[in-house]
Amino acid sequence: AAKTAGRNRFERYHPRMAEVANERLAIEQGLLQAMLNGELSLHWQPQVSLDGRRVVGAEALLRWTSVQLGQVGPDRFIPVAEESGIIRSLGTWVLRQSLATWAEWCRAGLVQGRLAINVSALQLQDDTFIDVLARELKEAGLQPQDLEIEVTETALQRVPQVEQRLTRIADLGIQIALDDFGTGYSSLSMLKLLPLNRLKVDRAFVHDVVTTPSDQAIVRAIAAMADALGLELIAEGVEEEDQRQWLANLGFKEAQGWLFAKAMSGVDFMRWLADRDGTPGHADQGGA
Ligand code: C2E
Ligand code: MG
Ligand code: MG
Ligand code: MG
């Protein structure tokens, strides 16, 4: 009976569901080819000191230009990649590609600071993930401290033995940031237990922080929590000068957002860095 009911329900919503299922299938099949066809690339978004003077690192963000579907945003394809398990190979591609590129830029003296990459629950769950991390770092010739993995609160909830897994990663010397912070349900005890370096305040709270008391309260609470637990803070989605100012007044030291730079292709990122040369405060770059 349940089966019949299920089928009836399915048929009632058939047109819309079929559309969604088709798009999902097209994305899933497209992704399988994307790596082989060279349709994937990385964009780079600088992470800066809150005064905008120092680049402290960059986040690598996956881009997909599909032959069939055109430009597909990560908000559309990452969920499909996660559900289908394709994220495992995509994630390895991102890790290898971003480390190799970052290492090359470091050796050329073009960047310094940390490379941040997004890691999803399935990757963390994988027992070989830690070995892959260590191997890829070695292959690229980077120090573990150069790498920061960004994991969301929601992802962590889905990973069994998450504390042990993260501890092994932290023991390698890799930094760990909690991404989209404030949108999930991390308990204080969880935050205390995990070997985190940084909380990354979700852009949803930054957006109206200048005018909305409830958002202000949330950001203040997060900042107090970070302080109490000895965690670094970074704000994402900083678009306006008055947001920057508000965060600076609260004691934030780092940010990421369109006020400073959008995510850019590697070529544009290099150009952006070069254009900053000679601007005030940039002289302290490249001390190596
Ligand atoms: P995220 O990790 O929270 O990355 C930040 C997103 O906010 C990026 O979107 C970035 O372009 C966007 N952003 C940055 N500054 C601003 C701003 O000032 N205003 C606004 N409105 N947006 C800003 P993007 O590149 O579309 O990525 C979306 C999400 O897809 C990421 O969110 C991340 O969760 C996921 N993602 C991207 N690349 C990867 C990847 O390689 N692996 C995994 N697992 N997930 C990825
Ligand atoms: Mg991120
Ligand atoms: Mg984020
Ligand atoms: Mg986000």
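None of these values were measured; they are calculated from a predicted model. (Residues numbered from 1 in each chain as written. Chains lettered and ligands numbered in written order. Predicted model: local features only at pLDDT ≥ 70, side-chain atom pairs only at ≥ 80, totals over all residues. Heavy atoms only, no water.)

Engineer: So what's going on with the coordination of the magnesium ion (ligand 3)? Residues and values would help.
Structural biologist: Within the protein, the atoms that donate to the magnesium ion (ligand 3) are Asp179 (OD), Asp180 (OD) and Glu236 (OE), at distances of 2.0 to 2.3 Å. Taken as a pair, the magnesium ion (ligand 3) and the magnesium ion (ligand 2) show a spacing of 3.8 Å, with Asp179 coordinating each metal. Note that Asp179 is positioned in strand 6 (residues 175-181) and Glu236 in the loop between strand 8 (232-235) and helix 12 (241-250), a separation of 57 residues in sequence. Residue classification places Glu236 among the buried positions, given a relative accessible area of 10%. (Donors = N, O, S within 2.8 Å, 3.2 Å for Na, K, Ca; no water. Helix = DSSP H or I, 4+ residues; strand = E, 2+ residues; numbered from the N terminus. Buried < 20%, exposed > 50% of the residue type's maximum accessible area, 1.4 Å probe, protein only.)

Engineer: Describe the coordination of the magnesium ion (ligand 2), naming the residues involved and giving the relevant values.
Structural biologist: The coordination sphere of the magnesium ion (ligand 2) contains the protein donors Glu59 (OE), Asn118 (OD1), Glu150 (OE) and Asp179 (OD), at a distance range of 2.0 to 2.2 Å. Spacing between the donor residues of the magnesium ion (ligand 2) along the chain follows E-x58-N-x31-E-x28-D. The exposure class assigned to Glu150 is buried, which follows from its relative accessible area of 2%.

Engineer: If you had to explain the site of ligand 1 to someone new, which residues and values would you point to?
Structural biologist: Taken together, 22 residues surround ligand 1, and among them Arg63, Asn118, Arg203, Glu239 and Trp258 come closest. Between an oxygen atom of ligand 1 and a side-chain N or O atom of Asp180, the distance comes to 3.0 Å. Because more than half of its atoms lie within 2 Å of the grid, ligand 1 is assigned to the largest pocket. Listed by contribution, the elements that provide at least two residues to the shell around ligand 1 are strand 2 (55-66), helix 3 (74-84), helix 4 (87-107) and strand 6. Top contributing element to the shell around ligand 1 by residue count: strand 2, with four residues. (Near = heavy atom within 4 Å. Polar contact = N/O pair within 3.5 Å; in protein donor to acceptor, adjacent residues only side chain to side chain. 1 Å grid on protein atoms, 1.4 Å probe; cavity = no way out; pocket = protein on both sides within 12 Å on 5 of 7 lines; lining within 4 Å. Sits in = over half its atoms within 2 Å of the grid points.)

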